[in-house]
Amino acid sequence: MKFRPNLLRVQSGISMIEVLVTLLILMIGLLGLAGLQMQGLRSEMESYQRVQALILLQDMVGRMNANRENAATYVGNDIGAAGDGQPDDCTGLAAGKPRDICEWSNALKGASEKTGGNSVGAMIGGLGCITELSAADRIYQISVAWQGMGKTLASTESDCGQGQYGDDAERRVVSLTLRMADLSGGT
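Structure report, in brief. (Residues numbered from 1 in each chain as written. Predicted model: local features only at pLDDT ≥ 70, side-chain atom pairs only at ≥ 80, totals over all residues. Heavy atoms only, no water.)

1. Comments concerning the nonpolar core
Point 1. By size, the foremost hydrophobic cluster in this structure holds 22 residues, and its most contacted members are Met60, Met64, Trp104, Met123, Ile130, Ile142 and Val144.
Point 2. Listing elements by their share of this core, those giving two or more residues are helix H2 (14-66), helix H3 (97-108), strand E5 (139-147) and strand E6 (171-179).
Point 3. Considering each element in turn, this core owes the most residues, 6 residues, to H2.
Point 4. Residue contacts for Met123: discarding those within four places in its chain leaves Gln49, Gln52, Ala53, Leu56, Leu108, Val144 and Trp146. (Core = buried A, V, L, I, M, F, W, Y, C linked by side-chain atoms within 4.5 Å. Buried < 20%, exposed > 50% of the residue type's maximum accessible area, 1.4 Å probe, protein only. Helix = DSSP H or I, 4+ residues; strand = E, 2+ residues; numbered from the N terminus. Contact = heavy atoms within 4.5 Å.)

Right under this line is the structure:
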């Protein structure tokens, strides 16, 4: 009689290796899924900050349009910075430019939403800049800058907030050019 090896004995331990390989593949897949989740959260935060910046940009455009005779007085940089001298309560300021700049500064600082006493309602390190591009034609550039969640190409759209966030590849900027129409009816 010929001796036949027991097939169970030859394959002993193979099932354990298969289980370990399966677990390894599953772990790699779960780590990839966790990385994808983190990237999704980062993209969501970037999107939220961009929308907030666009809302604040449109807010200042509306304020300047409402006070078009004094639009040139709105020009300034680093509005919303920690030491910009604007009070937390703007109600005591005169209507017009002083109150508009104060309220915009507070909005850039995120003062509309607070958690634990900290302002969290806007972008990270939000700054506003208003630049006069042409005094004769009454053309202004309004920009909002903030710190992004990661590095991208450095913005060349505006120099608002340049050098404020460490690396300029982490600075995000949205800008709008505003041209004030002459509504006086003169020549």
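And the narrative resumes.
2. Overview of the packing of H2 against H3
Point 1. Two numbers describe how H2 lies on H3: the axes approach to 11 Å, and their chain directions differ by 175 degrees. When the axes of H2 and H3 are compared, the pair comes out roughly antiparallel. Taken together, the residues of H3 that come into contact with H2 (itself represented by Leu56, Asp59, Met60 and Arg63) are Arg99, Asp100, Ile101, Glu103, Trp104, Ala107 and Leu108.
Point 2. Taken together, the residues of the contact of H2 with H3 sort by class into 6 nonpolar, no polar and 5 charged. (Axes fitted to C-alpha atoms, helices over the stretch in contact; angles between N-to-C directions. Parallel < 35°, antiparallel > 145°, perpendicular 65-115°, else oblique. Nonpolar A, V, L, I, M, F, W, Y, C, P; charged D, E, K, R; others polar.)

3. Quick notes on H2
Point 1. Here H2 is 53 residues long and its end C-alpha atoms lie 78 Å apart, about the 78 Å a rise of 1.5 Å per residue gives.
Point 2. Those residues of H2 that are buried lie in contact with H3, strand E4 (127-134), E5 and E6. (Expected span 1.5 Å × (residues − 1).)

4. Structural notes on unusual backbone geometry
Point 1. Positive phi values are uncommon outside glycine, yet Asp78 reaches one of about 55 degrees.
Point 2. With respect to the element layout, Asp78 can be found in strand E1 (residues 76-79).
Point 3. The class of Asp78 is partly exposed, set by a relative accessible area of 28%.
Point 4. In the Ramachandran plot, Arg138 falls in the positive-phi region, its phi being about 55 degrees despite a non-glycine side chain.

5. Some remarks on H3
Point 1. Helix length check: H3 (12 residues) gives 16 Å between terminal C-alpha atoms against 16 Å at 1.5 Å per residue, within 8%.
Point 2. Burial in H3 covers these residues: Asp100, Ile101, Cys102, Trp104, Ser105, Asn106 and Leu108.
Point 3. Those residues of H3 that are buried lie in contact with H2, E1, E4 and E5.
Point 4. Remark: Gly110 follows H3 within two positions and exhibits a positive phi of approximately 85 degrees.

6. Looking at the sheet that holds E6
Point 1. Within the open sheet, the 4 strands sit side by side as E1-E4-E5-E6. Their pairing is antiparallel. In this open sheet, the two edge strands, each paired with only one partner strand, are E1 and E6. Strand-to-strand twist across the sheet, computed as the mean angle between neighbouring axes with direction ignored, equals 15 degrees.
Point 2. Bridge count between E1 and E4: 2 bridges; the pairing is antiparallel. In the strand pairing of E4, Ile79 is matched with Gly128.
Point 3. Helix-sheet contacts for H2 involve E4, E5 and E6, and the interaxial angle to E6 is about 25 degrees.
Point 4. This element, H3, spans E1, E4 and E5 of the sheet and lies at about 130 degrees to E4. (Pairing = 2+ DSSP bridges.)

7. Side note on the environment of Thr91
Point 1. Looking at the element boundaries, Thr91 is found in the loop between E1 and H3.
Point 2. In this structure, the C-alpha to C-alpha distance between Thr91 and Asn106, residues 15 residues apart in sequence, is 12 Å.

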